[in-house]
Amino acid sequence: MSQDETIELHDCRNAFASALEALAERDPRVMVLCNDSVSSTKLTHFAERYPDRLLNIGIAEQAMLGMGAGLAIGGKLPFIAGAACFLTARALEQIKNDLAYTHTNVKICGVSTGLAYGPLGATHHAIEDIAWLRAIAGMTIIVPADPVESAQAVEAAAETEGPIYLRFSRMGVPIVHSPDYQFRIGRAARLRDGSDVTLIACGTLVPRILEAAERLARQGITARVLNMATIRPIDRDAIVKAVAETDAIVTAEEHTIYGGLGSAVAEVVATAGTRFCPVGTLGIPGVFAPTGSAEFLMDYFGLTPKGIVNAAMDLLARR
Amino acid sequence: MAQDLLKLKRQATDIRKRNLRLIFEAHHGHTGGDLSAADILTVLYFGGVLQVDPDHPKAPDRDRFFMSKGHCSGLLYTTLALAGFFPEAELSTYMQPLSRLSGHPSTHVPCVEANTGALGHGLPIATGAALAAKLDGTPWRAFVLTGDGELQEGSNWEAAMIAAQQELENLICIVDRNRLQMMGRTERISALEPLAEKWRAFGWAVCEVDGHDHVELLEHLTHLPVAKGKPTCIIANTCKGRGVSFIEDRAACHHRVPTEAELNAALEELDAACTIR
C-alpha cells in the first residue's frame, strides 16, 4: 500500500451541508432552494430538520434563481443548491440580472463541480462556470479546497452581503488546512513558501500542487504554494508578490483554462507584474472532456502532481 | 366613488401626457407599451391597491411590485414621480448620461424592487418574494406586471407551476394583454391563446378584465385573493398605444418616438378625451 492510500479523503459537500445546518440554527432568515437535488447536495438531513426551510422547487433553474432574488428582496437569506452545471449555465441571465445587477443577497452553491460527474459526460461537467460568473460585475466566487475551508466559506458567504457563488466538488480531498485556519474572502492562503516557482490552485487541485511542491523540493526546487480559494475578487497582492519573489507561476484548476483561475492570475501578472514572470495554466484545454471517471480525466488532462511538476520545470528552464 | 373615479381618470391622463413628453424629450422609449399599461399602473398606485409609501419606500411590510415588462420604464418612472417617490423634474433626465432613470427599471429609483428588463424575470422574482412573505406570515403581497409577448419566455411557466404548488395566494400577476409584440400580433408569432385556460391549467385563479376600465380593475385588485390558496392572474385586455388614435394598436409604435407635431396632437387628444367623458 502506498503512502497516499492511507490519507483520509473527505467530500466537501458534507462540510457544506453541516455548516449550512449550523447557520440555519442561528439565523432564521436562512432558506434553501433545490432543483430536485436534495440528496446530491447532501441536504437530506437539513430537509428533515427544517422541512419548512428547504424547498425542492422541481427542475426549473431559471425560476429557482429568480426566486432566490425574490426571497432576498423579501428579507430571507437564500442558499440555492444544485449541480453546478445546471445552476450556472441554465440560469446565467438570472444570475446576471436578478442576483448581480440587482445586488440581491443570494448564495449559489454549485456541487459536483468540474469533472466530478466524469462518466456522465460533458453535459454534466461544470468546467466553464467560473469563467461565466467571473465576467459578471459584483459576483464573488469561492472554490474551497477542503472541509475546513468549505465550512468557513459558508459562514463567510452568509456574513457578506451580495451574490456569492460557492463551488463544492464531490471528489474526495484530503484536509489541507489546520483547524486554526482562517478563511477570508479575497485572500489567498500561503500553504508553503519557496522562491523558485509559485504554484496556485483552487479546490481539488490544492492537495495536488502541495504534492507537486514536495516532489519539486526533492529536485532542489522550492515552490510557494497558494490556495487561491477566492477567484473573484482575486488576491492581486499575493500574485504581484509571487511575480516579484519567484521566477514562474503555474496555476491548476478543475476548469477550462479559458476564463478561470489561470486567466485571472495571468491578467494580474500581465497588468501589474513588476518583472517578467512566465505563467503556465493547467486545466481543461478548451475541449469537452471525454468519458471517464473524474480521476481518469484528471490524469488525462495532466492535472496531477506529475503534470504540475513538469509545467513548473518547463517554465523554470526558460530562466 | 364617482369623484374618486374622476380623479383616477385625470391621473391616468396626466401620466400618459407626462409619459409622452418624457419619451419625446429623451428621444427614446416604448410608447405603445407605456400607454397600454398606463391605466393598470394608475389603479395600482393611485387607486389604493399597492400598499407603498413614498415617505418609507423600504418599509418592510410594503407590497412588492415588479415591472417585468421593464422596457416600459418610462411609464413606471412617470407613475412613481407623480406618486411622489422622486421629484417630477428628474423625469427630464430619462436615459440621459449617468441618470438613475435608466432605459429599464433600476433599483436606484425608490420603490423599484429589481432591475428588470430582460423578459421573463419578474414572475420568478415575485414568486420568491411572495414565498418569503408567506413563510414569515406577513400580510404584504407581491405584484408583477408582465407583457403578453413576454409570456413566450419559459421561465414564466416554471414560476407559474411553483407558485401554484406553494399556494401563493399573495402573488398577483397582471398580464398587459395588448396582443402586439415588437414584430406583430402575438397570435401570429407564437400564439398565447387560450391564455386564461393556460393559467387555469397551471393552477392559478384567473380573471379577465378590460385593462383600461378603472372600475373593473379596481373591482378585482381590491378583492384579492380571487381564490383561497391560489395565486391570481389578471389578464388585462388592453390596446397598445391606448389614448392616442394614431398610435393605438400599431406594432410600429412599439418604440417609435413621436415627432413634435405628433406629441402636440397626442396631448390635445388626451386632454379632449378627459374633458368630454
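Just so we're clear, the structure is a prediction, and the values are computed from it rather than from any experiment.

Caption draft 1: Representation of the overall build of chain B in the model. For chain B, the helix and strand inventory stands at 9 helices and 7 strands. The C-alpha atoms of chain B give 17 Å as radius of gyration, which agrees with the globular expectation for 277 residues (19 Å, within 12%). By residue count, 52% of the 277 residues in chain B fall in the buried class.

Caption draft 2: Structural context of the overall build of chain A. The helix and strand inventory of chain A stands at 12 helices and 12 strands. For 319 residues, the compact-globule estimate of 2.2 N^0.38 gives 20 Å, and the C-alpha radius of gyration of chain A, at 19 Å, lies within 12% of that figure. Taking all 319 residues of chain A together, the buried fraction comes to 57%.

Caption draft 3: Geometry of the sheet that holds strand β3 (residues 171-177) of chain B. Residue and element names in this part refer to chain B. Read across the open sheet, the 5 strands follow the order β1-β2-β3-β7-β6; overall the sheet is parallel. The sheet terminates laterally at β1 (64-67) and β6 (205-210), the two strands that pair on one side only. If you compare each strand with its neighbour and ignore which way they point, the axes differ by 20° on average. The sheet strands contacting helix α4 (residues 122-136) are β1, β2 (142-147) and β3, and the helix crosses β2 at an angle near 170°.

Caption draft 4: Geometry of the packing of helix α8 (residues 206-218) of chain A against helix α12 (residues 305-316) of chain A. All names here are of chain A. At their nearest, the axes of α8 and α12 sit 8 Å apart, and the two run at 60° to each other. When the axes of α8 and α12 are compared, the pair comes out oblique. Along this stretch, α8 crosses α12, giving a crossing that reads as right-handed. Residues Arg 208, Ile 209, Glu 211, Ala 212, Arg 215 and Leu 216 of α8 lie in contact with α12, whose contacting residues are Pro 305, Ile 308, Val 309 and Ala 312.

Caption draft 5: Focus on the sheet that holds strand β12 (residues 279-284) of chain A. Residue and element names in this part refer to chain A. Ordered by their spatial adjacency, 5 strands build an open sheet running β7-β9-β8-β11-β12, and the pairing between neighbours is mixed. If you trace the sheet from one side to the other, it starts and ends with β7 (189-192) and β12, each paired once. Recorded for the sheet is a direction-independent mean angle of 25° between the axes of neighbouring strands. The pairing of strand β8 (residues 197-201) with strand β11 (residues 249-256) spans 4 bridges and is classified as parallel. Each residue of the ladder has a partner; that of Ile 200, found in β11, is Thr 251. Contacts from helix α10 (residues 261-272) reach β8, β11 and β12, with the element oriented near 145° to β11. Packing against the sheet, α12 makes contact with β8, β9 (223-227), β11 and β12, and its axis sits at approximately 155° to β12.

Caption draft 6: Representation of the interface of chain B and chain A. Taken together, the contact pairs 23 residues of chain B with 22 residues of chain A. Listed by contribution, the elements that provide at least two residues to the side of chain B that touches chain A are α4 and α5 (154-165) of chain B.

Caption draft 7: Quick peek at the packing of helix α1 (residues 12-26) of chain A against helix α7 (residues 147-159) of chain A. All names here are of chain A. The N-to-C vectors of α1 and α7 enclose an angle of 35°; their axes lie 8 Å apart at closest approach. Crossing of α1 over α7 shows right-handed handedness. Each of Cys 12, Ala 15, Phe 16, Ser 18, Ala 19, Leu 20 and Leu 23 in α1 lies in contact with α7, whose residues at this interface are Pro 147, Ser 150, Ala 151, Val 154, Glu 155 and Ala 158. By residue class, the composition of the contact of α1 with α7 is 10 nonpolar, 2 polar and 1 charged.

Caption draft 8: Region of interest: unusual backbone geometry. Geometrically, the link from Arg 232 of chain A to Pro 233 of chain A is a cis peptide bond, its omega value of 0° lying close to zero. For the peptide bond that leads from Glu 193 of chain B to Pro 194 of chain B, omega is 0°, which places it in the cis range. Mapped onto the fold, Pro 194 of chain B is located in the loop between α6 (186-189) and α7 (195-201).

Caption draft 9: Spotlight on the environment of Lys 240 of chain B. Residues and elements named next belong to chain B. By secondary structure assignment, the location of Lys 240 is in the loop between β7 (232-237) and α9 (260-276). Looking at Lys 240, the number of C-beta atoms within 10 Å reads 26, which means it is buried. Along the sequence, Lys 240 and Leu 50 sit 190 residues apart, while their C-alpha atoms lie 24 Å from each other. With residues near it in sequence (within four places) discarded, Lys 240 still touches Gly 32, Gly 33, Ser 36, Asn 178, Leu 180, Asp 249 and Cys 253.

Caption draft 10: Spatial organisation of the nonpolar core. Ranked by size, the top nonpolar core spans 196 residues in total, and within it Leu 199 and Ile 209 of chain A carry the most contacts. Of the residues forming this core, the biggest block, 9 residues, is contributed by helix α2 (residues 31-46) of chain B. Viewed by domain, this core spans two of them, domain 1 (9-168) and domain 2 (189-316) of chain A, each represented by three or more residues. Every residue in contact with Ile 209 of chain A, bar those within four places of it in the chain, is listed here: Leu 199, Ala 201, Val 225, Ala 252 and Ile 308 of chain A.

Caption draft 11: Focus on the domain arrangement of chain A. Residue and element names in this part refer to chain A. Segmentation of chain A into domains returns domain 1 (9-168) and domain 2 (189-316). Each of domain 1 and domain 2 was reduced to a C-alpha centroid, and the two centroids are 26 Å apart. Listed per partner, the contact involves 23 residues of domain 1 and 27 residues of domain 2. Elements that contribute at least two residues to the side of domain 1 that touches domain 2 include exactly α6 (129-134) and β5 (140-142). Taken together, the residues of the side of domain 1 that touches domain 2 break down into 13 nonpolar, 6 polar and 4 charged.

Caption draft 12: The arrangement of the pairing of β11 of chain A in detail. All names here are of chain A. The buried fraction of β11 is high, at 8 of 8 residues. Across 5 bridges, β11 lies against β12 in parallel orientation. Bridge pairing in β12 places Thr 256 opposite Ile 284.

Caption draft 13: Representation of the confidence of the model for chain B in the model. Per-residue confidence for chain B gives a mean pLDDT of 96, with 99% of residues at or over 70. At the level of chain-chain contacts, confidence expressed as ipTM amounts to 0.94, with global pTM at 0.95.

Caption draft 14: The arrangement of the pairing of strand β1 (residues 30-34) of chain A in detail. Residues and elements named next belong to chain A. Most of β1 is tucked away, with 5 of its 5 residues classed as buried. Alternating positions in β1 separate into two faces, Val 30, Val 32 and Cys 34 on one and Met 31 and Leu 33 on the other, with burial throughout. Across 5 bridges, the pairing between β1 and strand β3 (residues 77-83) is parallel. Looking at β3, one finds that Cys 34 is bridged to Ala 81. As paired strands, β1 and strand β2 (residues 54-56) are joined by 3 bridges and run parallel to one another. Paired with Val 32 across the bridge in β2 is Leu 54.

Criteria and thresholds
Residues numbered from 1 in each chain as written. Chains lettered and ligands numbered in written order. Predicted model: local features only at pLDDT ≥ 70, side-chain atom pairs only at ≥ 80, totals over all residues. Helix = DSSP H or I, 4+ residues; strand = E, 2+ residues; numbered from the N terminus. Rg over C-alpha atoms; globule rule 2.2 N^0.38 Å. Buried ≥ 20, exposed ≤ 12 C-beta atoms within 10 Å, placed from the backbone. Pairing = 2+ DSSP bridges. Axes fitted to C-alpha atoms, helices over the stretch in contact; angles between N-to-C directions. Contact = placed C-beta atoms within 7 Å. Parallel < 35°, antiparallel > 145°, perpendicular 65-115°, else oblique. Left-handed = near helix turned anticlockwise from the far one by under 90°. Nonpolar A, V, L, I, M, F, W, Y, C, P; charged D, E, K, R; others polar. Core = buried A, V, L, I, M, F, W, Y, C linked by C-beta atoms within 7 Å. Domains from an automatic or database assignment. pLDDT = per-residue confidence, 0-100.

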